[in-house]
Structures are given as structure tokens and as C-alpha cells.
Amino acid sequence: MALSVLSQASALNPGSDLWIVPDLEKSPWTAKLDWYLNFQVCKSSRHQSPALPEFLGSVLEQTELNKPAIPAVSDQPLMIASDKLLPNKWVVILPWNEDLTQWTAEIFRIWKNLNEPTLRIFMPPGQSTGNLQIAWQTHHPVQEFTVVLD
């Protein structure tokens, strides 16, 4: 099986376990999927880690203990288990950084870490499948996934 392009009408049909989409602001597909995912994408984009209360900060300072630092990283992929909401297992929102080669490398890393599930990539606006194929071939010679264009 080689890379195949799905029509917009069949984009949300079963066939792939892992769906990769650009971030919410960059893709109409992500907004559409967010509705099916009970707005988990939108909610996560507004999430802010709670700040350490002032009182606790001063106690830690007085006792010379280290303050826990757990910074929120906004440019990391968001994985949502979607098997109860969509005909797949996971949706990964991968921030689009305007560099298809780097974006594809990150898709490949995620795909490999999940033991190479069947894959569907929802392309960022204005990107071509030809360039995706070229970028993918630097990581893996076989292109067994589907692509959905904007």
C-alpha cells in the first residue's frame, strides 16, 4: 500500500488508528475534529498551570527548599484518546511550524513511538502531498498512510 489521498467527504471515515492534525489556528480540520472530541483541543489550548500560592512560596524560601517548577510547554503535541468519539484510537495535534520537513520528522517520531499504527495525516493549508512524500522518505522508504488535504 502506498500513500493515498482521501477526499474531504471520506476524511472522517474509519481506516487509520492515528490521526495527525495541525494546531487549531492552522487547520479547519482541527476545529471540526474538536467538536467531535468534546472541545478537548480548545480547552487544552486555554489551560494554564496553577501558580504556586504566595504563602507557600515564602515558606519554601524560608525553609530553603526548592520550589517545584513544572513549566507548561505549549508547543508540544497534544494526544487525545479518541476511540469512543471517532473511528480511530488517537488524534495528535501537532503544532504547525511552517517547516514541512521538521513537522514530518515529528510525525515520524510519534508514529514510531506508538509502534507504527495505521496513519492519517491532515495536511496544513497550502502544503502538497509531493513535499510530504519527499520529507517522509528521509525517515522511512515505505509510505503506508493516508493524507487529507485542506
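**A closer look at the overall build of the chain**
Now for step 1: Counting secondary structure elements, the chain contains five helices and six strands.
Now for step 2: Secondary structure elements of the chain occur, N-terminal to C-terminal, as β-β-α-α-α-β-β-α-β-α-β.
Now for step 3: Here the C-alpha radius of gyration of the chain, 19 Å, is well above what a compact globule of 150 residues would show, namely 15 Å.
Now for step 4: With the C-alpha coordinates aligned to their principal axes, the bounding extent of the chain is approximately 65 × 35 × 30 Å.

**A word on the nonpolar core**
Now for step 1: Core analysis: the largest hydrophobic core is formed by 19 residues, its most contacted members being Ile20, Trp103, Ile107, Leu119, Ile121, Leu132 and Phe145.
Now for step 2: Broken down by secondary-structure element, the contributors of at least two residues to this core are β2 (18–21), α4 (100–113), β5 (119–122), α5 (129–137) and β6 (145–148).
Now for step 3: With six residues, α4 is the single largest residue contributor to this core.
Now for step 4: Beyond its immediate chain neighbours, meaning those up to four positions away, Trp103 contacts Ile20, Val21, Pro22, Leu94, Pro95, Trp96, Asn97, Ile121, Phe122 and Pro124.
Now for step 5: Formed by 13 residues, the second largest nonpolar core is a distinct cluster that contains Trp29, Leu37, Ile80 and Val148.

**Comments concerning the environment of Leu6**
Now for step 1: Tracing the backbone shows Leu6 in strand β1 (residues 4–6).
Now for step 2: Sequence separation of Leu6 and Val147 is 141 residues, and the distance between their C-alpha atoms is 6.0 Å.
Now for step 3: If we ignore the near neighbours within four places in the chain, the residues touching Leu6 are Ala11, Arg120, Thr146, Val147 and Val148.

**Examining the sheet that holds β1**
Now for step 1: Read across the sheet, six strands follow the order β1-β6-β5-β2-β4-β3 without closing on themselves; strand pairing throughout is mixed. The open sheet has two edge strands with one neighbour each: β1 and β3 (78–81). Direction aside, the axes of adjacent strands within the sheet are offset by 25° on average.
Now for step 2: As paired elements, β3 and strand β4 (residues 90–93) share four bridges and run antiparallel to each other. From the neighbouring strand, Ala81 faces β4, where its bridge partner is Trp90.
Now for step 3: Sheet strands in contact with helix α1 (residues 28–36) are β2, β4, β5 and β6, and its direction is about 130° off that of β2.

**Digging into the packing of α4 against α5**
Now for step 1: Relative orientation of the contacting elements α4 and α5 amounts to 55°, with a least axis distance of 9 Å. Considered as vectors, α4 and α5 are oriented oblique to each other. Seen along the crossing, α4 lies across α5 with a hand that is right-handed. On α5, the residues that touch Leu100, Thr101, Thr104, Ile107, Phe108 and Trp111 of α4 are Asn131, Leu132, Ala135 and Trp136.
Now for step 2: Looking at the contact of α4 with α5 residue by residue, the class counts come to seven nonpolar, three polar and no charged.

**Details of α5**
Now for step 1: Considered for burial, the residues of α5 that qualify are Thr129, Leu132, Ala135 and Trp136. The buried residues of α5 occupy an angular sector of 120° when projected down its axis, which confines them to one face.
Now for step 2: Here the buried face of α5 lies against β1, α4, β5 and β6.

What counts and how
- Residues numbered from 1 in each chain as written.
- Predicted model: local features only at pLDDT ≥ 70, side-chain atom pairs only at ≥ 80, totals over all residues.
- Heavy atoms only, no water.
- Helix = DSSP H or I, 4+ residues; strand = E, 2+ residues; numbered from the N terminus.
- Rg over C-alpha atoms; globule rule 2.2 N^0.38 Å.
- Core = buried A, V, L, I, M, F, W, Y, C linked by side-chain atoms within 4.5 Å.
- Buried < 20%, exposed > 50% of the residue type's maximum accessible area, 1.4 Å probe, protein only.
- Contact = heavy atoms within 4.5 Å.
- Pairing = 2+ DSSP bridges.
- Axes fitted to C-alpha atoms, helices over the stretch in contact; angles between N-to-C directions.
- Parallel < 35°, antiparallel > 145°, perpendicular 65-115°, else oblique.
- Left-handed = near helix turned anticlockwise from the far one by under 90°.
- Nonpolar A, V, L, I, M, F, W, Y, C, P; charged D, E, K, R; others polar.
- Arc of directions from axis to C-beta.

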